[in-house]
Amino acid sequence: MKRWRYSMLIVCSLGLTACQAASYTAVVSAGDRTRDHVPVSVELELPTGAPMNAAAVSAQGVAQPAQLEHIGRNRARVWWLVRDLEAGQSRSYAINLQPTASSGPGDFRWVDSSKAGVKSSDLLHGDRPVLRYMYTPFDANDIENTKKPFHHVFDPDGSRPITKGVGGKYSHHRGIFFGYNKCAIDGQIYDTWHGAKGEHQLHVEEVARVEGPVAGGHTVKIHWRDRDSKPFIEETRRLMVFAQPDGQLLIDFESTLRPVRGPVSLAGDRQHAGAQFRAAQEVADNEKDTRYLRPAKWSELPTDTTFNTPEHKDLPWNALQYRLGDRAYTVAYLTDPSNPGHAEFSEREYGRFGEFFPFDVTDERPLHVRYQWWVVATHDIPRERIESQYQQLADPPKIALQRAATDLRTSPRP
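The notes below deal with the structure included here. Note on numbering: residues in each chain are counted from 1, in written sequence order. Two thresholds apply to this predicted model, a pLDDT of at least 70 for residue-level local features and 80 or more for giving and counting side-chain atom pairs, whereas whole-chain, interface and lining totals are computed over all residues. To get the side-chain values, take all heavy atoms of the structure and skip hydrogens and water.

### Description of the overall build of the chain
Step number 1: Put simply, DSSP marks the helices as runs of H or I at least four residues long and the strands as runs of E at least two long, and each gets a number from the N terminus on. Summing up its helical and strand segments, the chain has 3 helices and 28 strands in all.
Step number 2: In this setup the radius of gyration rests on C-alpha atoms only. A globule is expected at 2.2 Å times the number of residues raised to 0.38. What you see for the chain is a C-alpha radius of gyration of 22 Å, in line with the 22 Å of a compact globule of 414 residues.
Step number 3: Counting only C-alpha atoms, the chain reaches 65 × 45 × 40 Å along its principal axes.
Step number 4: Burial analysis of the chain (414 residues in total) assigns 55% to the buried set.
Step number 5: The contact criterion used is simple: two residues touch if any of their non-hydrogen atoms lie within 4.5 Å. The long-range share in the chain, meaning contacts at least 24 apart out of those at least 6 apart in sequence, stands at 68%.
Step number 6: Working note: accessible area of the chain is about 17,100 Å², and carbon and sulfur atoms make up 48% of it.
Step number 7: We count Lys and Arg on the positive side and Asp and Glu on the negative side, and we leave His and both chain ends out. To locate a charge, the coordinates of NZ of Lys, CZ of Arg, CG of Asp or CD of Glu are taken. The distance from the centre of the 51 positive side-chain charges to the centre of the 52 negative ones in the chain is 2 Å. Using a 1.4 Å probe on the protein chains alone, a residue whose accessible area is under 20% of its type maximum counts as buried, one over 50% counts as exposed, and one in between counts as partly exposed. Throughout, the Shrake-Rupley method with a 1.4 Å probe supplies accessible areas, and for residues the shown protein chains are the sole cover considered.

Below, the structure written as structure tokens:
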């Protein structure tokens, strides 16, 4: 199954010496649609002997931020945003890797936000929080507060979380979360959606962090555990947030589930399984202000207020629109086409929505899913604009790469 379906190209090693930096030219082709603030990346083998910690890109002599993400020994991914590239056009970007890096006041960065008895980390963009990762270790004496890690999402201006945490209507619904209410293994069924009987999800470690001017995020390892605290699934979950215009957030979510002690059958229903988004409790207190905007094919369907609406299947995207105080939000849930098909979608007026599909997880066939949430601080978003945002995910721009070697002593600085 395809991984990292951003626009990305992998480049073989150049075998450069320690006195050289790698220099590349990437040609980005828009294809059939206009590209604006679309994240792209290339994956590179780094020269040996010269540590590279920064990147710069320029197009037609105009420089813009880029970001180097180390992903292994002598390997890195370079990120930048393609802006204002019209359909049918191409643009050449000069990419220069550098041995030094410096952070700026507007960069993405992680800070610890833990309080007494609660573990959390905030992803800031400049001084604005955009995500909060909640990962308090499981405590059998405090199941409700510790049974699953999740991510809060903030208003694009950083003023407040726009997602729900512990408590409120259906306390187990929390921010961006992922689980199944029927995880079958060894003749037993465990419920990592509700987690009411001791089965739970446990944050094990943060595998990697991403910080810089283009994107911020992290990769975490999470164990899905039975009632005896024995893991049966190991999840690798990666969230990224990309720089966007004011009033917007673009959140990318990827998760891979692998069995720990034998095949696991994941089942349930659209109301109690899958990758989900839950809006703040205030939405449940004012359901009349909630509505959903869907692709044209599904536009006339009523909100799914039953437990079985057969027409709500295989939606490429769906958008929840709600209010918190005097602020309006549109949250578009975008499904990567590489995800397993035959997905059933659930939407609730209290602000929880997402899709579900059954899956048998084995060593030979782990489950990999990818979604994006596009958050906009307005309701004034036409269906066509969300469709365009979805197409950036489904049909990313193409990249062709040329490469050359340049001397570090004469290489231009970002």
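### What to know about the nonpolar core
Step number 1: By size, the foremost hydrophobic cluster in this structure holds 76 residues, and its most contacted members are Tyr-180, Trp-224, Leu-266, Phe-277, Tyr-322 and Leu-367.
Step number 2: By residue number, the principal contributor to this core is strand β27 (residues 367-376), which donates 7 residues.
Step number 3: In this structure, Leu-266 is in contact with Tyr-180, Lys-182, Cys-183, Trp-224, Ile-233, Leu-257, Pro-358, Phe-359, Asp-360, Val-361 and Leu-367, ignoring residues within four places of it in sequence. In this text, buried Ala, Val, Leu, Ile, Met, Phe, Trp, Tyr and Cys residues form a nonpolar core when linked through side-chain atoms within 4.5 Å.

### A look at the pairing of strand β2 (residues 38-45)
Step number 1: When you tally the buried positions in β2, you get 7 out of 8 residues, the bulk of the element.
Step number 2: Two strands are said to pair when DSSP picks up at least two bridges between them. As defined by bridge partners, β2 adjoins strand β6 (residues 75-82) across 8 bridges and the pair is classed as antiparallel. Opposite Pro-39, over in β6, you have Leu-81 as the bridge partner.

### Some remarks on the layout of surface pockets
Step number 1: We place a 1 Å grid over just the protein atoms. Points where a 1.4 Å probe fits but has no way out form a cavity, open points with protein on both sides within 12 Å along at least 5 of 7 lines form a pocket, and any residue with an atom within 4 Å of a point lines it. Grid points are joined across faces, edges and corners, and a volume is the space filled by probe spheres set on the points. The space that makes up the largest pocket amounts to roughly 510 Å³.
Step number 2: Lining the largest pocket are 26 residues, with Asn-53, Ala-54, Ala-101, Ser-102 and Pro-213 positioned closest to its centre.
Step number 3: Taken together, the elements giving at least two residues each to the lining of the largest pocket come down to β3 (54-59), β5 (67-72), β8 (108-112) and β15 (200-210).
Step number 4: Counting residues per element, the lining of the largest pocket draws most heavily on β5, which supplies 4 residues.

### Overview of the environment of Thr-34
Step number 1: Looking at the element boundaries, Thr-34 is found in the loop between β1 (20-29) and β2.
Step number 2: In sequence terms Thr-34 and Asp-84 are 50 residues apart; their C-alpha atoms lie 7.2 Å from each other.
Step number 3: Those residues in contact with Thr-34, other than ones at most four positions away along the chain, are Leu-85, Glu-86, Ala-87 and Gln-392.
Step number 4: Distance and chemistry together define a polar contact, namely a pair of N or O atoms within 3.5 Å, with one atom able to donate a hydrogen and the other to accept it when in protein, and with adjacent residues in sequence counting only for side-chain atoms on both sides. At 3.4 Å, the side chain of Thr-34 forms a polar contact with the backbone nitrogen of Ala-87.

### Some points on the sheet that holds strand β14 (residues 188-190)
Step number 1: Spatial strand order, β14-β13-β19-β26: 4 strands in an open sheet with antiparallel pairing. Of all the strands in the sheet, the pair left with one neighbour each is β14 and β26 (359-361). On average, each strand axis in the sheet is tilted by 25 degrees relative to the strand beside it, whichever way the strands run.
Step number 2: Two strands pair when backbone bridges link them, and strand β13 (residues 182-185) and strand β19 (residues 264-267) are joined in this way by 3 bridges, in the antiparallel orientation. Within β19, the position partnered with Cys-183 by the bridge is Leu-266. Orientation is described by axes fitted as lines to C-alpha atoms, over the contacting stretch for helices, and by angles from 0 to 180 degrees between their N-to-C directions.

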